[in-house]
Amino acid sequence: MPIKSTCAVLPRLNAAVPPPPARNKKRLFFLLKFAVSLLLLLYVIWTAGLHSGAGRSSLLDTLRHVDWLYCSLSLLCGVLMTVISSWKWQVLLRCKGIQVSLSRLTAIYFIGRFFNLFLPTSMGGDVVRIWELSRHAGEKYEAAASVLVERLSGMVMLALLSAAAVLLELRHHNLPALNASLLFIAAVTLLAFWLIIDRRLLPLLSRLLAPRWAGAEKLLAQLSRMQQAVFSYKDSPAGLLLVFAISLLFYFTAVVNVWVSALAFSAEVSFSAMLLAVPALMLIMNLPVSIGGIGLMEAAYALIFPLFGFSPALALSTALLMRLKTILYGIAGGFVHLARLRAGEPQA
């Protein structure tokens, strides 16, 4: 899962510089992700028909008839999703007695989006959020744990919604391959969550895997850090329940976000189709296989939208709007960061 990037900051934020073999390994992973990004972009170009004049003409015609009202609503939905995420983060921090205003956390969230534009991993913004919060609140471990649990709760809720979407929309959309994929990913996510919340399973897994798999130690260490973060909230069941409720609100808003973004280019997009499409899109976009998600989001739309009968031009147009919004939110975060630097970094 991409959530493992956040786990690495839990023991300490200032890790030592890795030795040359570790740096070579990271360089190799970067090159692999770069190659994957290129392949994904080529896939998008091919499926959208951009290699032909007819495909380019169809895309331009779709973009030319954009509805600016829906574009504006799409932009507002993205801002609302950031505020909802910041609210969830605030609830987790309050469970630890850390009081930070919603406006401050929203500002930090946007700053994380700014750094996501340049960092090679989509989780880089989480590290920036942890660093920003720990500087002001002075609680490094609690800051890291809050971000980790926020991410984990989102992944669990996304898995549950994916399974629910498959069951609820099965009659309306006969997509066996998509349904099976969603159920498989949801099952794997929920199994990982079960490993984290049940203290008895990690030792058992360690005894089973350690003698047989060289990479088991690293995986188990990551799961152990997640477990420590989750169990640090064991005395706040009401807070965690609210966190999952907020996650549900977030993903409902995410469905609306994609729906209105698609409506900006076509009035034929149904909300029921988006209920099944969006969990699939978000699960794909959470895969840590490309540089900063470049190419992955576009490929996800190019793969999922045609399954519901939508044209490749609509899929790419919607993806481009979502990518443009990501850039705009990042730029806004850059201005927020610059303003805070000029203001002398006020305390939380």
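Note that the structure is predicted; figures quoted are calculated from it, not measured. In this convention, every chain numbers its residues from 1, walking through the sequence in written order. A pLDDT threshold of at least 70 governs which residues receive local features in this predicted model, and a stricter bar of 80 or more applies before side-chain atom pairs are shown or counted, although totals over entire chains, interfaces and linings include all residues. Hydrogens and waters are ignored; side-chain quantities use all the structure's heavy atoms.

1. Quick notes on the overall build of the protein chain
Phase 1 of the analysis: A run of H or I in DSSP counts as a helix once it spans at least four residues, and a run of E counts as a strand once it spans at least two, with each numbered from the N terminus. Of the regular secondary structure elements, the protein chain holds 14 helices and zero strands.
Phase 2 of the analysis: Starting at the N terminus, the α and β elements of the protein chain follow one another as α-α-α-α-α-α-α-α-α-α-α-α-α-α.
Phase 3 of the analysis: Residues classed as buried in the protein chain amount to 47% of the 348 residues present.
Phase 4 of the analysis: Contact definition: two residues touch when any of their heavy atoms are within 4.5 Å. The contacts of the protein chain with a sequence gap of at least 6 include a subset with a gap of at least 24, amounting to 75%.
Phase 5 of the analysis: Carbon and sulfur atoms provide 70% of the accessible area of the protein chain, an area that totals close to 17,400 Å². For every residue, the accessible area (1.4 Å probe, protein chains only) is compared with the maximum for its type, and the residue is labelled buried under 20%, exposed over 50%, or partly exposed between those bounds. To measure how exposed things are, a 1.4 Å probe is used in the Shrake-Rupley method; for residues, cover is taken only from the protein chains shown.

2. Things to note about the packing of aromatic side chains
For any pair of aromatic rings, the description rests on two quantities: the centre-to-centre distance and the angle between the ring planes.
Phase 1 of the analysis: Note on aromatic pairs: the rings of Phe, Tyr and Trp (six-membered ring only in Trp) are paired at centre separations within 6.5 Å, and the planes decide the class, stacked below 30 degrees, edge-to-face beyond 60, tilted for the rest. For the structure shown, the criterion picks out eight aromatic pairs.
Phase 2 of the analysis: Here a set of aromatic residues connected by ring pairs shows up, and it is made of Phe 252, Trp 259 and Phe 271.
Phase 3 of the analysis: In our convention, an over-ring charge means Lys NZ or Arg CZ found within 6 Å of a ring centre and within 35 degrees of that ring's normal. Taking NZ or CZ as reference, Lys 96 lies 4.7 Å from the ring centre of Tyr 233, over its face.
Phase 4 of the analysis: Sitting over the face of the ring of Tyr 109, Arg 129 holds its NZ or CZ atom 4.1 Å from the ring centroid.

3. A closer look at the pattern of salt bridges
Phase 1 of the analysis: A side-chain nitrogen of Lys or Arg and a carboxyl oxygen of Asp or Glu constitute a salt bridge if their distance falls within 4 Å. Applying the stated criterion to the full structure yields six salt bridges.
Phase 2 of the analysis: With a shortest N-O distance of 2.8 Å, Asp 126 and Arg 129 are connected by a salt bridge. Of this pair, Asp 126 and Arg 129 both sit in helix α6 (residues 124–137), three residues apart, roughly one helical turn.
Phase 3 of the analysis: Arg 323 is the partner of Glu 298 in a salt bridge, and the nearest nitrogen-oxygen pair spans 2.8 Å. Taken together, the positions of Glu 298 in helix α13 (residues 296–304) and Arg 323 in helix α14 (residues 312–342) put the pair 25 residues apart, joining distant regions of the chain. The same class applies to Glu 298 and to Arg 323, which are both buried.
Phase 4 of the analysis: Beyond isolated ion pairs, a larger network of salt bridges with shared partners links Asp 126, Arg 129, Glu 150 and Arg 151.

4. Let's talk about helix α3 (residues 53–64)
Phase 1 of the analysis: To estimate how far a helix should extend, the number of its residues minus one is multiplied by 1.5 Å. The terminal C-alpha atoms of α3 lie 16 Å apart, and with 12 residues this matches the ideal 16 Å at 1.5 Å per residue to within 8%.
Phase 2 of the analysis: Restricting attention to buried positions, one finds in α3 the residues Gly 55, Leu 59 and Thr 62. Projected down its long axis, α3 shows its buried positions confined to an angular sector of 65°, all on one face. Exposed side chains of α3 directed beyond 90 degrees from the buried face belong to Ala 54 and Arg 64.
Phase 3 of the analysis: Lining the buried residues of α3 we find α14. By construction, the arc corresponds to the directions joining the helix axis to the C-beta atoms.

5. Details of helix α12 (residues 271–285)
Phase 1 of the analysis: When the terminal C-alpha atoms of α12 are compared, their 20 Å separation across 15 residues agrees well with the 21 Å that a helix rising 1.5 Å per residue should span.
Phase 2 of the analysis: The principal kink in α12, of about 30°, is found at Ala 277, preceding the proline Pro 279 by one to four residues.
Phase 3 of the analysis: Here α12 lies mainly inside the structure; 11 of its 15 residues are buried.
Phase 4 of the analysis: Within α12 the residues assigned to the buried category are Ala 273, Met 274, Leu 276, Ala 277, Val 278, Pro 279, Ala 280, Leu 281, Met 282, Leu 283 and Ile 284. To get the bend at a residue, fit one axis to the 7 residues ending there and another to the 7 starting there, then take the angle between the axes.

6. Digging into the nonpolar core
Phase 1 of the analysis: Grouped together as the largest cluster of nonpolar side chains are 71 residues, with contacts concentrated most on Val 258, Met 274, Tyr 301, Ile 304, Phe 305, Phe 308 and Phe 310.
Phase 2 of the analysis: A total of 10 residues in this core trace back to one element, the largest contributor, which is α12. Within this scheme, the nonpolar core is defined by two criteria: the residues are buried Ala, Val, Leu, Ile, Met, Phe, Trp, Tyr or Cys, and they are joined through side-chain atoms within 4.5 Å.

7. Quick notes on the packing of helix α5 (residues 102–116) against α14
Phase 1 of the analysis: Orientation of α5 relative to α14, taken along the N-to-C sense of each, is 120°, at an axis distance of 7 Å. The chirality of how α5 crosses α14 is left-handed. Here Arg 104, Ala 107, Ile 108, Phe 110, Ile 111, Arg 113, Phe 114 and Phe 115 of α5 lie close against α14, whose contacting residues are Tyr 329, Gly 330, Gly 333, Gly 334, Val 336, His 337 and Arg 340.
Phase 2 of the analysis: When its residues are assigned to classes, the contact of α5 with α14 shows eight nonpolar, four polar and three charged. Fitted lines through C-alpha atoms give the axes, limited to the stretch in contact for helices. The angle between two N-to-C directions lies from 0 to 180 degrees. Rotating anticlockwise by less than a right angle from the far helix to the near helix defines a left-handed crossing, while the corresponding clockwise rotation defines a right-handed one. All amino acids are sorted into three groups, where Ala, Val, Leu, Ile, Met, Phe, Trp, Tyr, Cys and Pro are nonpolar, Asp, Glu, Lys and Arg are charged, and the leftover types, Gly among them, are polar.

8. With respect to the environment of Arg 340
Phase 1 of the analysis: Positionally, Arg 340 belongs in helix α14.
Phase 2 of the analysis: The sequence separation of Arg 340 and Ala 107 amounts to 233 residues, and the corresponding C-alpha distance is 9.4 Å.
Phase 3 of the analysis: At 3.0 Å, the side chain of Arg 340 and the side chain of Glu 132 are in polar contact. Any pair of nitrogen or oxygen atoms within 3.5 Å is treated as a polar contact; in protein, a donor-acceptor pairing is required on top of that, and neighbouring residues in sequence qualify only through side-chain atoms on both sides.

9. Focus: the packing of helix α8 (residues 176–197) against α12
Phase 1 of the analysis: In contact at an axis separation of 11 Å, α8 and α12 are set at 55° when each is read in the N-to-C sense. For the element pair α8 / α12, the angle class is oblique. For the pair α8 and α12, the crossing hand works out as left-handed. For the pair formed by α8 and α12, the contact residues are Leu 178, Asn 179, Leu 182 and Ile 185 on the first element and Leu 276, Pro 279, Ala 280 and Leu 283 on the second.
Phase 2 of the analysis: Here the residues of the contact of α8 with α12 sort into seven nonpolar, one polar and no charged. What sets the label is the angle itself: under 35 degrees gives roughly parallel, over 145 gives roughly antiparallel, 65 to 115 gives roughly perpendicular, and the rest give oblique.

10. Side note on a nonpolar patch on the surface
Phase 1 of the analysis: What goes into a patch is any residue over 30% in relative accessible area without a salt bridge, connected to like charges within 9 Å or, for nonpolar side chains (Val, Leu, Ile, Met, Phe, Trp, Tyr), within 5 Å. The grouping of Leu 75, Leu 117, Phe 118, Leu 324, Ile 327, Leu 328, Ile 331, Phe 335 and Leu 338 at the surface amounts to a nonpolar patch, some 800 Å² of accessible area in total.
Phase 2 of the analysis: It is α14 that provides the largest number of residues to the nonpolar patch, a total of six residues.
Phase 3 of the analysis: Structurally, the position occupied by Phe 335 is in helix α14.

11. Considering the side chain of Glu 150
Phase 1 of the analysis: With respect to the secondary-structure elements, Glu 150 resides in helix α7 (residues 140–169).
Phase 2 of the analysis: Apart from the residues within four sequence positions on either side, Glu 150 is in contact with Ser 85, Lys 88, Trp 89, Leu 92, Tyr 109 and Arg 129.

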